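Breakdown of the fold
Given next are the chains, with one letter for each unit.
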Amino acid sequence: MAALEELVRTGTPVGILAYSGTTAVGWCSVAPRDSYAALERSRVLPRIDDTPVWSVVCLFVDRHFRRQGLTCRLLKAAVDYARGQGAPAVEGYPVAPDSASYTYMGTPETYRRAGFVEVTPAGQKRLVMRYDLSAGIR
């Protein structure tokens, strides 16, 4: 927790929160891809090109606030946040709802509703979805 607090204190992007009143009810971890060392080393999710993307690596919504569209709103807010920081694109790595894989990545349909498009390279098993900010699409 201290390491995360230090990142926030120094202005390093770590993500965004969703609130209900003064209570945090959702989280989206979004930051430059190169700030996620494990993702940069990943053979399952290698970079697909040299675009300096920001990556969504975790989404969480409190169980009392699920099924209300909050995950989609968090993704849209993450795109807006990344845009404000000068990011040219935002990527996410969703998994199917019935996947045994890590499920806090969001679903493909949620990413589509938030305006992301699939850019998964041929032959790659893990899905890659991207929101291109350089094209001005929203």
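Keep in mind it's a predicted model, so treat the numbers as computed, not measured.

**Some words on the overall build of the chain**
Of regular secondary structure, the chain possesses four helices and six strands. Walking the chain from its N terminus toward its C terminus, one meets helices and strands in the order α-β-β-α-β-α-β-α-β-β. Evaluated residue by residue, the chain yields a buried proportion of 38% over its 138 residues. Across the chain, the fraction of contacts at a sequence separation of at least 24, relative to all contacts at a separation of at least 6, is 58%.

**Here we look at the sheet that holds strand β6 (residues 129–132)**
As summarised here, the arrangement of the six strands in space is β1-β2-β3-β4-β6-β5, forming an open sheet in which the pairing is mixed. The two strands at the open ends of the sheet, each matched to only one other strand, are β1 (16–20) and β5 (117–118). Alignment of strand β2 (residues 23–32) against strand β3 (residues 54–61), held across seven bridges, turns out to be antiparallel. For Trp27, the partnering residue across the bridge sits in β3 and is Phe60. Across the sheet, helix α3 (residues 70–84) touches β1, β2, β3, β4 (89–92) and β6, and the angle it forms with β3 is around 150°.

**Overview of the pattern of salt bridges**
Applying the stated criterion to the full structure yields six salt bridges. With a closest N to O distance of 2.8 Å, Arg83 and Asp80 form a salt bridge. Here the residue Arg83 and the residue Asp80 both occupy positions in helix α3, the gap between them amounting to three residues, near one helical turn. Arg83 gets classed as partly exposed once you look at its relative accessible area, which sits at 35%. Several salt bridges converge on common partners, so that one network encompasses Arg33, Glu40 and Arg47.

**Digging into the pairing of β2**
Counting buried residues in β2 gives seven out of 10 residues, a clear majority hidden from the surface. As judged from the five bridges shared by β1 and β2, these two strands associate in the antiparallel manner. Paired with Ser20 across the strands is Thr23, a residue of β2.

**Some words on α3**
The periodicity of an α-helix, 3.6 residues per turn, causes residues three or four positions apart to be oriented the same way. Look at α3: 21 Å from first C-alpha to last across 15 residues, which is about the 21 Å you get at 1.5 Å a residue. Those residues of α3 that sit buried are Leu70, Cys72, Leu74, Leu75, Ala78, Val79 and Ala82. Just past α3, the residue Gly86 takes up positive phi, approximately 90°.

**Let's talk about the nonpolar core**
Ranked by internal contacts, the top residues of the largest apolar core, which has 25 residues, are Cys28, Val56, Leu74, Val90 and Phe116. Elements represented by at least two residues in this core include exactly β1, β2, β3, α3 and β6. For this core, the element with the most residues is α3, which contributes seven residues. Ignoring anything within four residues of it in the chain, the contact list for Phe116 reads Leu75, Val79, Val90, Glu91, Gly92, Tyr111, Met129, Arg130 and Tyr131. Ala31, Tyr36, Tyr93 and Val128 belong to the second-largest nonpolar core, a separate cluster that totals seven residues.

Definitions and limits used
Residues numbered from 1 in each chain as written. Predicted model: local features only at pLDDT ≥ 70, side-chain atom pairs only at ≥ 80, totals over all residues. Heavy atoms only, no water. Helix = DSSP H or I, 4+ residues; strand = E, 2+ residues; numbered from the N terminus. Buried < 20%, exposed > 50% of the residue type's maximum accessible area, 1.4 Å probe, protein only. Contact = heavy atoms within 4.5 Å. Pairing = 2+ DSSP bridges. Axes fitted to C-alpha atoms, helices over the stretch in contact; angles between N-to-C directions. Salt bridge = Lys/Arg side-chain N within 4 Å of Asp/Glu carboxyl O. Expected span 1.5 Å × (residues − 1). Core = buried A, V, L, I, M, F, W, Y, C linked by side-chain atoms within 4.5 Å.

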